[in-house]
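Secondary and tertiary structure notes
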Amino acid sequence: RGEANWSQRKRDQEQMAAATLEMPSDLSSVPTPEVKLNNNNKFDMAQRFESIKTAVVGALAGGTAATPVVFLHTFPNLAQWEYTTDMSSLEAALFAFVYR
């Protein structure tokens, strides 16, 4: 009985594999998705603009808040201070963008 189930599953898998590999010879018969404009979209251009503004404000606030702490931590190495401050600004921007 187990052997029959196994052979049936094997045939089904082969049939599915053969069906997925079949491509139409004429690609003009393949239906293409239509692009529909939806004016009721809740993610319109105004929402995108608000997200960008939030990210900019988050970057400025995060960079400003992190600058003195990072400066005290990495004082002799100014390149490391600049890099860490920039990364803190980027992290704050992404945080503000995600959680707005």
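Just so you know, these numbers come straight off a predicted model, no measurement behind them.

Considerations on the confidence of the model for the chain
When pLDDT is averaged along the chain, the result is 81, and 70% of the positions lie at 70 or above. Mean pLDDT in the chain bottoms out at helix H1 (residues 2-21), which sits at 70, and peaks at helix H3 (residues 78-98), which reaches 95.

Some words on the packing of aromatic side chains
Following the criterion strictly, the structure yields three aromatic pairs and no others. A centroid spacing of 4.9 Å and a plane angle of 50° characterise the contact between Phe95 and Tyr99, whose relative ring orientation is tilted. Taken individually, Phe95 and Tyr99 each receive the classification exposed, so the pair is uniform in this respect. Members of the aromatic cluster, joined through ring pairs, are Phe71, Phe75 and Trp81.

What about the packing of helix H2 (residues 45-73) against H3?
Two elements in contact, H2 and H3, have axes whose closest approach is 7 Å; the angle formed by their N-to-C orientations is 145°. For the pair H2 and H3, the sense of crossing is right-handed. On the side of H2, the interface is formed by Ser51, Thr54, Ala55, Gly58, Ala59, Gly62, Gly63, Ala66, Thr67, Val70 and Phe71, while H3 contributes Leu78, Trp81, Thr84, Thr85, Ser88, Ser89, Ala92, Ala93, Ala96 and Phe97. Partitioned by chemical class, the residues of the contact of H2 with H3 number eleven nonpolar, ten polar and no charged.

Cut-offs used in this document
- Residues numbered from 1 in each chain as written.
- Predicted model: local features only at pLDDT ≥ 70, side-chain atom pairs only at ≥ 80, totals over all residues.
- Heavy atoms only, no water.
- pLDDT = per-residue confidence, 0-100.
- Helix = DSSP H or I, 4+ residues; strand = E, 2+ residues; numbered from the N terminus.
- Phe/Tyr/Trp six-rings, centres within 6.5 Å; stacked < 30°, edge-to-face > 60°.
- Buried < 20%, exposed > 50% of the residue type's maximum accessible area, 1.4 Å probe, protein only.
- Axes fitted to C-alpha atoms, helices over the stretch in contact; angles between N-to-C directions.
- Left-handed = near helix turned anticlockwise from the far one by under 90°.
- Contact = heavy atoms within 4.5 Å.
- Nonpolar A, V, L, I, M, F, W, Y, C, P; charged D, E, K, R; others polar.

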